[in-house]
Every structure is written in C-alpha cells, then in structure tokens.
Amino acid sequence: MDSWAGHEVPRLPGRGGPLMLFDSARRGTAASAPTDTGTMYVCGITPYDATHLGHAATMITFDLIQRVWRDAGLDVTYVQNVTDIDDPLLERAARDGEDWKVLAMRETALFREDMAALRIIPPEHYVGAVESIPDIAERVLTLVKEGAAYRLEDGTGDVYFDISAAPRFGYESHLSREQMLEIFPERGGDPDRAGKRDPLDPLLWRGVRPDEPSWPGGDLGPGRPGWHIECAVIALNLLGEQVDVQGGGNDLIFPHHECSAAHAELLTGQTPFAGHYVHAGMIGLDGEKMSKSRGNLVFVSRLRADQVDPMAVRLALMSGHYRSNRSWSDGLLATAQDRLGRWRRAGAQPCGPSAEVFLASLRARLADDLDAPGALALADSWAEAALAGAGDDPAAPALFTRALDALLGVRL
C-alpha cells in the first residue's frame, strides 16, 4: 500500500539530545534508547470514516517523536498499518449499501491527503491488513501448534489466543481483571462467546461466514484475521522481534496493545515487545467526548474544505500535552490561527534575537516527553521579542522558521 507524499525536513545546526518518553507499562518516563535506528509501530485507521481530530492528534504525537529522533542524528524506521478488513468496516459498508473495498480505498486516500496537509512525515512502510493475511495466518498457526491458541469446537473455524499462555498479561495496561472484563466488550471483545477458555481470550482468526469476505488460511481454513494479531505480525515482519515504540491513542492500551504485545512475545520469546508503549490522549468537542455514536466528530478534511490552514489545526492540537485528554473548540482554533499569524510575521522580520538560544530551548522542551505546549510558549516569546524590534541578528528569523518546521512540523 502506498503511503502519502513526504516533504523536505530542514536540517538544523548541531544535534538534539536523547528523548525522554512516558511508557505506559512502566507508568513513568524513561529515555528512549535507540542506537543508530529508532523503530516505531503506530496503529493506523480502520478506514470506514474520514480522519477526525483524534486521529490527527495521535499522528502528530508520533510525528514529533520522529522529528526529535531525526534531529538527534538517528535514522527512523516507522511502520503504520491500515485495518482494511474488520467488522466496523463491513458494518458501515452494509449500512450504506457500498462495496467495502471501495469504502476502504476512498477513506484511506482521504487519510493520506489529510496527513500530507498536516505535514506528517510518512511511514517507511504503510501496510494494509489484507496484504498481510498470508503472514498472519502462518503466525496464528504457529501459536496453535505451540499451545498458545486453540480452535473452537463449534465448527466455525474460529481461533482464539489463550491468555494463560502469557503470564505477564496485563503488565502494559495495569488493569484488574474486573476492569478488563468491563472494557473488553466495549472495544471489540466478545467475553460471552461460548466455547472460549477465558472470557478475555482475543480472536486470532475468524472462520469463513456466509456473505463475508474471506481468504485462504492454509491449515487454519478460510477466514480473516483478528485485529490484535494483525498489528503484531506486521510489526514483527518489518521491525524485528522488539520495537522501540509501539503507539496509538490511549483507547488502544487495552485490549489492543496488551493483546498484540502478548502475541508478539509468545511468537518470539522476547519481552517486552516494545521499549516504550506510548499513548496519546483523546480529543473532545466543547467539553464532551468526541465519538461516532454522538455524531460530534470534527473531520480534518472538513476543516480543510472550509479553508482552515492545516498548520493552525496542527498548532491547536499541540497546544495541550499529548498524553492529556483535551477538548477542541472554535476558541482553541482561533487562538492557534492568531499564533500562526504572529509567528509568520516574526519569521519575516529583517532581524531578531538569537535563535540559537531558542533552538536549544526548543530541543530541551521536546526532549522532555514531547512538551509541545512548552515549545509553543518558547516560540511565542521569541516572536513577541522579534516583533517588538529586539535583537539585531539578521540570520535569526530564518533559523526560527527552520526550527519550527523541522521540530514542530509547522511551516510558516
């Protein structure tokens, strides 16, 4: 599957330092420790609707990680998936009387356009679930042979992961069993499915059903993959047995990331699957949770169609810390638009105060668990000083502009 078009990231003088990141498993901040190449797997969209601001905020978070790593002199291998076959996609296609393949292709194309507009550095590998099915089936069969998975005896051909084979299950989310059982059905799980060994066992392979798409599964029989094993296999195939960062929204901590890490660890014998499990907060609207069921999603493509500058959208989403659940409002966007205008005027000044000091401070803020709000405040201060006529360095505005582009992804 093709990714979106990239853009040139300006080179900056010197290098940034190591990145400290909050890890959900540790429940604390620790240094991300790639040697030469940082590896990152981020869960992408299920393409049954347009890119909303929650998607955008999550992708901006991991874009910042890429930028900080690259500024520190690291290469980055970044993989993102597209869950282009899953129940929500089939349900939406059936509701609208549309071919599920057409729906998936259209919404994936729109997502790529939105990501390019927001200046998200594209992944090196952008991979669909459908193109990965032969590898997924092979890995599921491995889990069955090793006793970590089992077939239901009801003739459906469904295969489930046995969580008792993963003694550390729960180390990433830190949820109690009672909490897991409450969340599991809300996020795609089926705790009441008859024949399962444990209500929390996740689906690995769904056997063929009438009027549903299916693919050959070898000894598994025809069917299609479960959600969690999809991401585990794609990451293992392209990034190796362990990754530096596995990321997504905080609604993926359980069951998705907990299960995909357990699958990967059983397949490789390596633990933990990720050096850091990094999760972005949710975006609400005017103080309420933004969700499809409420019908209050704000779409990036709609804002673009209304001639809203994508850089203002990006700034608005970075004005709160990435780990916090936060709210979108017209006022937040207006503030971001004003900020973008001030920065552009400051970057166009004939001279300004030292931008080397600004660059060092900007690097420090982002290296501290991606403190984007602190970084924005630093840029505000520099811009205010430049607009007030402070400083006499003719090279400073250009460096200010390049630093914002390279590290924050904001093009003035």
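Residues numbered from 1 in each chain as written. Predicted model: local features only at pLDDT ≥ 70, side-chain atom pairs only at ≥ 80, totals over all residues. Heavy atoms only, no water.

A. Structural detail: the overall build of the chain. If you tally the helices and strands in the chain, you get 13 helices and 14 strands. For 412 residues, the compact-globule estimate of 2.2 N^0.38 gives 22 Å, and the chain sits close to it at 22 Å. Judged by the C-alpha coordinates and their principal axes, the chain covers about 75 × 45 × 35 Å. For the chain, with 412 residues in total, the buried portion stands at 54%. Counting only carbon and sulfur atoms, one obtains 49% of the accessible surface of the chain, whose full area is about 16,800 Å². (Helix = DSSP H or I, 4+ residues; strand = E, 2+ residues; numbered from the N terminus. Rg over C-alpha atoms; globule rule 2.2 N^0.38 Å. Buried < 20%, exposed > 50% of the residue type's maximum accessible area, 1.4 Å probe, protein only. Areas by Shrake-Rupley, 256 points an atom, 1.4 Å probe, with all protein chains shown as cover.)

B. The arrangement of helix H7 (residues 253-268) in detail. The terminal C-alpha atoms of H7 lie 21 Å apart, and with 16 residues this matches the ideal 22 Å at 1.5 Å per residue to within 8%. Directly beyond the C-terminal end of H7, a positive phi value near 80° is found at Gly269. (Expected span 1.5 Å × (residues − 1).)

C. Here's a closer look at the side chain of Glu265. Considering the arrangement of structural elements, one finds Glu265 in helix H7. Although buried, Glu265 forms no salt bridge, and the nearest oppositely charged side chain, Arg168, lies 5.1 Å from it. Residues contacting Glu265, with those up to four places away along its chain left out, are Tyr171, Gln270, Thr271, Pro272, Phe273 and Tyr277. (Lys, Arg positive; Asp, Glu negative; His and termini not counted. Salt bridge = Lys/Arg side-chain N within 4 Å of Asp/Glu carboxyl O. Contact = heavy atoms within 4.5 Å.)

D. Representation of the pattern of salt bridges within the structure. On inspection of all chains with the given rule, the structure shows 26 salt bridges. For Glu98, the salt bridge goes to Arg106, with nearest N and O atoms at 2.3 Å. Where Arg302 meets Asp306, a salt bridge forms, and the shortest distance between an N and an O atom there is 2.9 Å. Within the structure, one salt-bridge network assembled from shared partners comprises Asp87, Arg206, Glu212 and Arg224.

E. Examining the side chain of Asp86 more closely. As for its position among the elements, Asp86 is in the loop between strand E4 (75-82) and helix H2 (87-96). Buried and unpaired, Asp86 has no salt bridge, with Arg224 as the nearest side chain of opposite charge at 4.4 Å. Excluding residues within four positions of it along the chain, Asp86 makes contact with Thr46, Arg224 and Trp227.

F. View of the sheet that holds strand E5 (residues 125-128). Taking strand neighbours across the sheet as the criterion, the five strands line up as E5-E4-E3-E10-E11 in an open arrangement whose pairing is parallel. In this open sheet, the two strands that pair with only one neighbour each are E5 and strand E11 (274-280). Taken pair by pair, the neighbouring strands of this sheet meet at an average axis angle of 20°, ignoring direction. Sheet topology note: the E4/E5 ladder contains four bridges and is parallel. Counterpart to Val79 in the pairing with E5 is His125. Docked against the sheet, H7 engages strand E10 (243-249) and E11, running at close to 155° with respect to E10. (Pairing = 2+ DSSP bridges. Axes fitted to C-alpha atoms, helices over the stretch in contact; angles between N-to-C directions.)

G. The layout of surface pockets, seen in detail. The space that makes up the second largest pocket amounts to roughly 360 Å³. Lining the second largest pocket are 14 residues; nearest its centre among them are Pro10, Arg11, Leu12, Arg70 and Asp71. Looking at the lining of the second largest pocket, the elements with two or more residues in it are helix H1 (53-71) and helix H13 (396-408). Looking at which element gives the most residues to the lining of the second largest pocket, the answer is H1, with three residues. (1 Å grid on protein atoms, 1.4 Å probe; cavity = no way out; pocket = protein on both sides within 12 Å on 5 of 7 lines; lining within 4 Å. Points joined across faces, edges and corners; volume = space filled by probe spheres on them.)

H. View of the nonpolar core. Core analysis: the biggest nonpolar cluster contains 71 residues, and Trp328, Trp343 and Leu408 have the highest contact counts within it. Here the element with the most residues in this core is H1; it accounts for ten residues. Membership of the second largest hydrophobic core comes to 56 residues, among which are Ile136, Ala149, Leu220 and Val243. (Core = buried A, V, L, I, M, F, W, Y, C linked by side-chain atoms within 4.5 Å.)

I. Seen up close, the packing of aromatic side chains. In this structure the tally under the stated criterion is nine aromatic pairs. Considering the side-chain rings of Phe169 and Phe254, the 6.3 Å spacing of their centres and the 75° angle between planes classify their relative orientation as edge-to-face. Here Phe254 lies in helix H7 and Phe169 lies in the loop between strand E7 (159-161) and helix H5 (177-183), a separation of 85 residues in the sequence. With relative accessibility at 1%, the residue Phe254 sits in the buried group. Plain terms: the ring middles of Phe184 and Phe254 are 6.3 Å apart, the flat faces sit at 50° to each other, and that makes the pair tilted. Remark: Phe254 occurs in helix H7 and Phe184 occurs in the loop between H5 and strand E8 (203-207); sequence separation between them is 70 residues. Through successive ring pairs, a cluster of aromatic residues spans Trp4, Phe111 and Tyr126. Over the face of the ring belonging to Tyr171 we find Arg168, whose NZ or CZ atom lies 4.0 Å from the ring centre. (Phe/Tyr/Trp six-rings, centres within 6.5 Å; stacked < 30°, edge-to-face > 60°. Lys NZ or Arg CZ within 6 Å of the ring centre and 35° of its normal.)

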